[in-house]
Amino acid sequence: SFPAEAVPQAPEDPLFGLMAAYRADTSDKKVDLGIGAYRDDSAKPWVLPVVKKADNIIHSDPALNHEYLPIAGLQSFTSGAAKLILGADSPALTEKRACSIQTISGTGAVHLGGLFISKFYPGTPTVYFSNPTWANHNQIFSNIHIPIATYPYFSKSTKGLDFDGMKNAIADAPDHSVILLHACAHNPTGVDPTQDQWKELAVLLKQKEHFPFFDCAYQGFASGDLAKDAWAVRYFVEQGFEMCIAQSFAKNFGLYGERAGCFHFVTGPGADSQKTIGRIASQLTVLQRSEISNPPAYGARIAGLVMNDEALFGEWEDNLRTMSGRIITMRKALRSKLEELGTPGTWNHITDQIGMFSFTGLSEAQVLKLRDVAHVYMTKNGRISMAGLNTGNVDYFAKAVDKVVR
Ligand code: PMP
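Keep in mind that this is a model prediction, so the values were computed, not measured.

About the cut-offs
Residues numbered from 1 in each chain as written. Predicted model: local features only at pLDDT ≥ 70, side-chain atom pairs only at ≥ 80, totals over all residues. Heavy atoms only, no water. Pairing = 2+ DSSP bridges. Helix = DSSP H or I, 4+ residues; strand = E, 2+ residues; numbered from the N terminus. Axes fitted to C-alpha atoms, helices over the stretch in contact; angles between N-to-C directions. Contact = heavy atoms within 4.5 Å. Near = heavy atom within 4 Å. Polar contact = N/O pair within 3.5 Å; in protein donor to acceptor, adjacent residues only side chain to side chain. Areas by Shrake-Rupley, 256 points an atom, 1.4 Å probe, with all protein chains shown as cover. Phe/Tyr/Trp six-rings, centres within 6.5 Å; stacked < 30°, edge-to-face > 60°. Buried < 20%, exposed > 50% of the residue type's maximum accessible area, 1.4 Å probe, protein only.

(A) Fine view of the sheet that holds strand 7 (residues 243-248). On the basis of which strands lie adjacent, the open sheet formed by seven strands has the order 2-8-7-6-5-3-4 and mixed pairing. The sheet terminates laterally at strand 2 (98-104) and strand 4 (148-152), the two strands that pair on one side only. Neighbour-to-neighbour, the strand axes of this sheet turn through a mean angle of 25 degrees, independent of strand direction. On top of the sheet, helix 7 (residues 163-172) reaches strand 4 and strand 5 (178-182); it is set at about 145 degrees to strand 4, its chief contact. Packed onto the sheet, helix 12 (residues 273-291) meets strand 2 and strand 8 (260-266) and runs at close to 15 degrees relative to strand 2.

(B) Up close: the site of the ligand. Near the ligand you find 13 residues, and of these Ser105, Thr107, Asn187, Asp215 and Ser248 are the closest. Trp134 is positioned such that a nitrogen or oxygen atom in its side chain is 3.5 Å from a nitrogen atom of the ligand. Within the complex, 90% of the 400 Å² of free accessible area of the ligand lies under protein. Broken down by secondary-structure element, the contributors of at least two residues to the shell around the ligand are helix 5 (105-120) and helix 11 (250-253). Here the element with the most residues in the shell around the ligand is helix 5; it accounts for three residues.

(C) Representation of the packing of aromatic side chains within the structure. All chains considered together, the criterion is met by 24 aromatic pairs. A ring pair is formed by Phe313 and Trp316, whose centres lie 5.5 Å apart and whose planes are at 85 degrees; its orientation type is edge-to-face. Highlighted residues: Phe313 and Trp316, both in helix 14 (residues 310-341), separated by three residues, approximately one helical turn. For Phe313, a relative accessible area of 22% gives the class partly exposed. Under the relative-accessibility criterion, Trp316 is labelled buried at 0%.

(D) Representation of the environment of Lys53. Assignment of secondary structure puts Lys53 in helix 2 (residues 49-59). With residues up to four places along the chain from it excluded, the contact list for Lys53 reads Leu312 and Glu315.

(E) Region of the structure containing the side chain of Ser130. Topologically, Ser130 is positioned in strand 3 (residues 127-131). Given a relative accessible area of 1%, Ser130 falls into the buried group. One polar contact links Ser130 to His186, side chain to side chain, over a distance of 2.8 Å. Setting aside anything within four residues of it in sequence, one finds Ser130 in contact with Tyr151, Tyr153, His182 and His186.

(F) Representation of the environment of Pro147 within the structure. Residue position: Pro147 is located in the loop between helix 6 (135-143) and strand 4. Residue Pro147 is classed as partly exposed on the basis of its relative accessible area, which comes to 31%. Taking C-alpha positions, Pro147 is 8.7 Å from Tyr128, a pair spaced 19 residues apart along the chain. Beyond its immediate chain neighbours, meaning those up to four positions away, Pro147 contacts Thr124, Pro125, Thr126 and Val127.

So this is what it looks like as structure tokens:
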């Protein structure tokens, strides 16, 4: 029999525990800076207007049904997703050496990529990811028994990129390692390499014959510009890398719970690349079948419709600028308030960092004090979700930080 009583208690997911504590707090001053989801200036979830429009169009079709999608997902969605991340004129697309399969959002894409690597990557590669990284990377690769290691990423002194540390670790990794890279808006630090640094990384990865695994959860959400946020991925494709990409539509479409995502594999240029990609696609389909059979339809229909319609696409870009613009405004507001208060330390990193999150540099003790005295909820590593700040609470938050830092 199954020794069920021997199953140990698992630790609570720290982020979801934080959310529960926030909900239980009855103070009207409370501020939620833990959640990794966009909030509008009234701290409310935001359904993108273009998503509402697409939803109306989809639901006005009398032939709409609830049949299964194909195993590889909704074709108009996966082809739109590939164009979005790679660029419509990408050599990987014109030379037909990319394949795309719809996944359970970005998490499912990272997992499917990991599973594919565990089955088909020669030898037992180690996956290297940044220290710190999105906590789930650890669990996803560990669950499928892929050895994991980290490269330095965040410099505590500059609150920017530890580029030398990162390069040294990648250079020291055994050849043919898998290097996981955040395509833009690094979670949790908000720190990205510059374009020149990406170029250096590309040279280094080529030399070492490493395999780049891009995790792209914030395209368009970071800068408001879809091409800019995809720059690193497209540059690596231009350099002829064989690589894969996990793509999430949670943030940029606000489709969090609908689990719309995509996994892309790109082979290098070469005479056999089309045949190779066909075989890879066939194996991904087999893995998908045993994992989820078919991906969920609703989010893919919404995103697929918007990505394939010029007018809707333009509206989406507007919506992206609304979200990223509000966040950038909050970065400026927070930094200038802290500087105005003369809060000890430097605060330029708040506006230097990009995307949903900022690594404030606050210590665990300061984070806990903020929770106790000011009802501000953020993760213990000092990360704040910029989306939780708004014109109604940014001054309050800055003053609370000022108090705990002194
Ligand atoms: N990767 C990173 C770096 C992320 O920040 C996230 C979202 N928190 C994801 C992947 C995937 O999220 P989802 O499964 O909701 O698309």
